[in-house]
Amino acid sequence: MERQEIEIFLALCEELHFGRAAERLYLTQARVSQTIKKLERHFGAQLFERTSRQVRLTPVGRILRDDLLPIRTQLNRAIERAQAAARSVEGTLRVGYLGGLAASLLVDTVLEFRNRHPECEVHAREVHLGDVFGPLRRDELDLVISHSPVGENDLVAGPVLLTEPTGLVVPRDHALARRSSIDSTTAGAEVIAIGGPAGAYWHRYLDETWHISPAGPNGAQTFEDVLTAVAFGAGVHPAGAHAERHYPRRGTVYVPFSDGQGHVWRPVWMPGAETARLRAFVQMLLETVEQRGAEHYFAPDRTE
């Protein structure tokens with residue numbers, strides 16, 4: 001039996017009147033009558049005795065009523081508990097972060113979030129370039145703080161948190177390392193390739209945004225892998241301005257782009273995963289950036 005069939009049957013059991021049962025459920029009397037006839041055909045027995053003057057339960061109808069009443073009560077309680085849990089900011093929120101900028105923003109946000117919502121615990125882990133959104137799809141995380149691109153149809157891109165200037169991380173002895181800035185559309189440098197499930201996706205983004213053809217060694221899974229490869233002289237790699245602050249590395253130099261768009265940072269989650277605690281956390285991310293200022297997270301001349 002479907003839930004509406006159960007409700008129609010039990011309403012008629014209580015009202016013993018087709019018109020009153022229909023009015024109570026905001027249905028037509030014909031719909032109630034059709035449903036009861038369908039149930040009687042299904043069970044192969046009459047559930048109600050009907051006369052022009054009254055409606056009475058049959059013995060089979062009484063048995064079905066007595067068995068369904070506790071089931072309806074349990075179902076309603078389960079729905080109420082689920083709805084209450086969805087409205088409340090409690091439980092555990094699993095957050096992933098891509099790199100040092102997102103980690104700093106996460107720490108600042110969680111400290112205030114705990115004060116405002118002490119019944120919600122936040123668990124955090126780093127995600128990597130090679131598989132940024134895989135943990136969301138595998139239900140290992142509820143939310144990931146990542147920069148663009150976020151173009152997958154099966155993900156929800158939340159509001160923009162901040163936009164960060166971008167540039168290239170290059171070997172210290174590279175010709176570009178001696179320049180104060182470079183044109184992103186004419187850099188023409190060999191880019192360290194990213195491996196893993198996200199590799200091709202990120203490379204298309206680089207090519208479309210900066211017209212740089214990915215090349216060099218395959219298989220870099222993390223930004224640390226990328227920086228090591230750059231220091232070895234294997235190539236260059238685009239990076240946000242925060243790389244100069246959060247990832248100083250011997251043998252590498254960060255050179256900003258004089259043009260081109262920056263990294264747009266957003267929270268990302270799976271459709272249907274938007275609980276009250278997730279919404280509250282996203283709002284706290286926005287408030288944190290507004291209070292501290294976007295440059296707090298990427299400007300190299302700032303101190304903690």
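Computed from a predicted structure; not experimentally measured.

1. Focus on the overall build of the protein chain
- Of regular secondary structure, the protein chain possesses ten helices and eleven strands.
- Evaluated residue by residue, the protein chain yields a buried proportion of 46% over its 304 residues.
- Considering only residue pairs separated by 6 or more positions, the protein chain has 75% of its internal contacts joining residues 24 or more positions apart.
- For the protein chain, the exposed surface amounts to about 15700 Å²; the carbon and sulfur share of it is 48%.

2. Regarding helix α8 (residues 223-231)
- Listing the buried residues of α8 in full gives Phe223, Val226, Leu227, Ala229 and Val230. Looking straight down α8, one finds that the buried residues subtend no more than 160° of arc, so they occupy a single side.
- Buried residues along α8 sit in contact with β8 (166-171), β9 (237-240), α9 (242-246) and β10 (252-256).
- Where α8 terminates, the next one or two residues include Gly233, which has phi positive at roughly 85°.

3. A few points about the nonpolar core
- Counting residues in hydrophobic clusters, the biggest one holds 50 residues, and the most contacted among them are Val95, Ile145, Phe223, Val226 and Phe281.
- Top contributing element to this core by residue count: helix α10 (residues 276-292), with seven residues.
- With residues up to four places along the chain from it excluded, the contact list for Phe223 reads Leu129, Ala239, Ala243 and Tyr247.
- Among the nonpolar cores identified, the runner-up in size contains 19 residues, and Ile8, Val32, Val55 and Leu68 belong to it.

4. Some thoughts on the packing of helix α1 (residues 3-15) against helix α3 (residues 29-43)
- Following both chains from N to C, one finds α1 and α3 inclined at 105°, their axes separated by 10 Å at the closest point. The orientation of α1 with respect to α3, classified from their angle, is roughly perpendicular. Residues Gln4, Glu5, Ile8, Phe9 and Leu12 of α1 lie in contact with α3, whose contacting residues are Arg31, Val32, Thr35, Ile36, Lys38 and Leu39.

5. Some points on the pairing of β10
- Burial within β10 is extensive, with four of its five residues counted as buried.
- For β8 and β10, the ladder comprises five bridges, and the chain directions are antiparallel. Bridged to Pro171 within β10 is Thr252.

6. Description of the side chain of Thr288
- Tracing the chain through its elements places Thr288 in helix α10.
- Judged by relative accessible area, which is 4%, Thr288 ranks as buried.
- A distance of 3.3 Å separates polar atoms of two side chains, one belonging to Thr288 and the other to Thr109.

7. Comments concerning the pairing of strand β3 (residues 91-97)
- Where β3 and strand β4 (residues 120-126) come together, seven bridges link them in parallel fashion. In the strand pairing of β4, Tyr97 is matched with Glu126.
- Assessed by its sense of winding, the connection that carries the chain from β3 through helix α5 (residues 99-116) to β4 is right-handed.
- As paired strands, β3 and strand β5 (residues 143-147) are joined by three bridges and run parallel to one another. For Gly96, the partnering residue across the bridge sits in β5 and is Val144.

The rules we used
- Residues numbered from 1 in each chain as written.
- Predicted model: local features only at pLDDT ≥ 70, side-chain atom pairs only at ≥ 80, totals over all residues.
- Heavy atoms only, no water.
- Helix = DSSP H or I, 4+ residues; strand = E, 2+ residues; numbered from the N terminus.
- Buried < 20%, exposed > 50% of the residue type's maximum accessible area, 1.4 Å probe, protein only.
- Contact = heavy atoms within 4.5 Å.
- Areas by Shrake-Rupley, 256 points an atom, 1.4 Å probe, with all protein chains shown as cover.
- Arc of directions from axis to C-beta.
- Core = buried A, V, L, I, M, F, W, Y, C linked by side-chain atoms within 4.5 Å.
- Axes fitted to C-alpha atoms, helices over the stretch in contact; angles between N-to-C directions.
- Parallel < 35°, antiparallel > 145°, perpendicular 65-115°, else oblique.
- Pairing = 2+ DSSP bridges.
- Polar contact = N/O pair within 3.5 Å; in protein donor to acceptor, adjacent residues only side chain to side chain.
- Right-handed = clockwise from strand over helix to strand, strands pointing away.

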